[in-house]
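This is what each chain is made of:
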Amino acid sequence: AQSVTQPDIHITVSEGASLELRCNYSYGATPYLFWYVQSPGQGLQLLLKYFSGDTLVQGIKGFEAEFKRSQSSFNLRKPSVHWSDAAEYFCAVGALQGGSEKLVFGKGTKLTVNP
Amino acid sequence: DAGVTQSPTHLIKTRGQQVTLRCSPKSGHDTVSWYQQALGQGPQFIFQYYEEEERQRGNFPDRFSGHQFPNYSSELNVNALWLGDSALYLCASSLRVGISLTDTQYFGPGTRLTVL
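Everything numeric in this text was worked out from a predicted model, so none of it was measured.

Visitor: I tried to follow the overall build of chain B on my own but got confused; where do I start?
Guide: Scanning chain B from terminus to terminus reveals zero helices and eleven strands. Going from N to C terminus, chain B has its helices and strands arranged as β-β-β-β-β-β-β-β-β-β-β. Taking 116 residues into account, the globule formula puts the C-alpha radius of gyration at 13 Å, and chain B, at 13 Å, falls close to it. With respect to the principal axes defined by its C-alpha atoms, chain B has extents near 40 × 30 × 25 Å. The burial tally for chain B puts 50% of its 116 residues in the buried class. For chain B, contacts bridging at least 24 residues in sequence account for 54% of all contacts bridging at least 6. When the accessible surface of chain B is totalled, it reaches about 5,400 Å², and 51% of it is carbon and sulfur. Considering chain B, the positive charge centre built from 9 side chains and the negative charge centre built from 10 side chains are found 10 Å apart.

Visitor: Which parts of the structure should I look at to understand the side chain of S73 of chain B?
Guide: Residues and elements named next belong to chain B. Mapped onto the fold, S73 is located in the loop between β7 (64–68) and β8 (74–78). Among the residues examined, S73 registers a relative accessible area of 14% and is labelled buried. Of note is the side chain of S73, whose polar atom sits 2.7 Å from the side chain of N71. Discounting chain neighbours no more than four positions away, the residues touching S73 are C23, S24, P25, H67 and Q68.

Visitor: What exactly am I supposed to notice about the nonpolar core here?
Guide: Across soluble globular proteins, you tend to see nonpolar side chains buried next to one another. Within the largest apolar cluster, 29 residues are counted, with the highest numbers of intra-cluster contacts made by L19, W35, L47, L48, F74, L76 and Y89 of chain A. When residues of this core are traced back to their parent elements, those giving at least two are β2 (10–14), β3 (19–21), β5 (32–38), β6 (45–50), β8 (64–68), β9 (73–78), β10 (87–97) and β12 (109–114) of chain A. Considering each element in turn, this core owes the most residues, five residues, to β10 of chain A. Formed by 20 residues, the second largest nonpolar core is a distinct cluster that contains L11, W34, F60 and A87 of chain B.

Visitor: Please clarify how unusual backbone geometry should be interpreted in this entry.
Guide: Leave glycine aside and you will find that most residues have negative phi; peptide bonds, for their part, are mostly trans. Residues and elements named next belong to chain B. At the junction of S7 and P8, the peptide bond is cis and its omega measures out at -5 degrees in the coordinates. Tracing the chain through its elements places P8 in the loop between β1 (5–7) and β2 (10–13). The phi torsion at E51 lies on the positive side, around 50 degrees, for a residue other than glycine. Relative to the assigned elements, E51 resides in the loop between β5 (44–50) and β6 (53–57). Phi is positive for Y72, which is not a glycine, with a value near 80 degrees.

Visitor: Looking at this structure, how should I read the pairing of β5 of chain A?
Guide: In summary, the side chains of a regular strand alternate between the two faces of the sheet. Residues and elements named next belong to chain A. Among the seven residues of β5, six are classified as buried, and the element is accordingly described as predominantly covered. Sheet analysis places β5 next to β6, joined by five bridges and oriented antiparallel. Note on β6: the bridge partner recorded for Y36 is L46. Where β5 folds back on β6, the antiparallel hairpin that results is connected by six residues, among which G41 adopts a positive phi of roughly 75 degrees.

Calculation notes
Residues numbered from 1 in each chain as written. Chains lettered and ligands numbered in written order. Predicted model: local features only at pLDDT ≥ 70, side-chain atom pairs only at ≥ 80, totals over all residues. Heavy atoms only, no water. Helix = DSSP H or I, 4+ residues; strand = E, 2+ residues; numbered from the N terminus. Rg over C-alpha atoms; globule rule 2.2 N^0.38 Å. Buried < 20%, exposed > 50% of the residue type's maximum accessible area, 1.4 Å probe, protein only. Contact = heavy atoms within 4.5 Å. Areas by Shrake-Rupley, 256 points an atom, 1.4 Å probe, with all protein chains shown as cover. Lys, Arg positive; Asp, Glu negative; His and termini not counted. Charge placed at Lys NZ, Arg CZ, Asp CG, Glu CD. Polar contact = N/O pair within 3.5 Å; in protein donor to acceptor, adjacent residues only side chain to side chain. Core = buried A, V, L, I, M, F, W, Y, C linked by side-chain atoms within 4.5 Å. Pairing = 2+ DSSP bridges.

Following this line, the structure appears as structure tokens:
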């Protein structure tokens, strides 16, 4: 069965510091991978996605992620964090099954940004 | 370009009642998926609708049912509510690009359901 693991429940960084959020997936075929961000009380906003091709993908708000097949990982990075980046971040894998596709999400990583 | 919209924003029900949540997909999208997000958890897939049919279902009981209309909008119905159904219900829309693959799913703001 497909699964996504986000090992860090909560991460705290200082504003201006670099950030890396970890994501590991389990999926039998070539994965479609996503990072979404959720601000308190809000829906999910897509940050970036990987379907195929270049394993380093660029997203919105200065985020990037790197797909590493050998490590089954899709870690999210940002070189310099802003206070407005404080939110919860979800990694997801697109899973084909039964003639349709669903997203399987990790449990999320909550990011706190200190001034 | 209107994104995914959901109504109502918040809802309070009591145990045993029934509820209907509504979703309008992003313009140009034909597929709607529903997710349940319990407090402190990631979203869990409920089901997906395409061409007015349920195409895939997650691990949710039959109390959860849905419908898709010809204009691609969708409803999620939950019968016999119990406390554990309290959650944020998210609707996502996408465009089918192949036999079974959809393009990126875009999410609405969600409906917060509280069951007392």
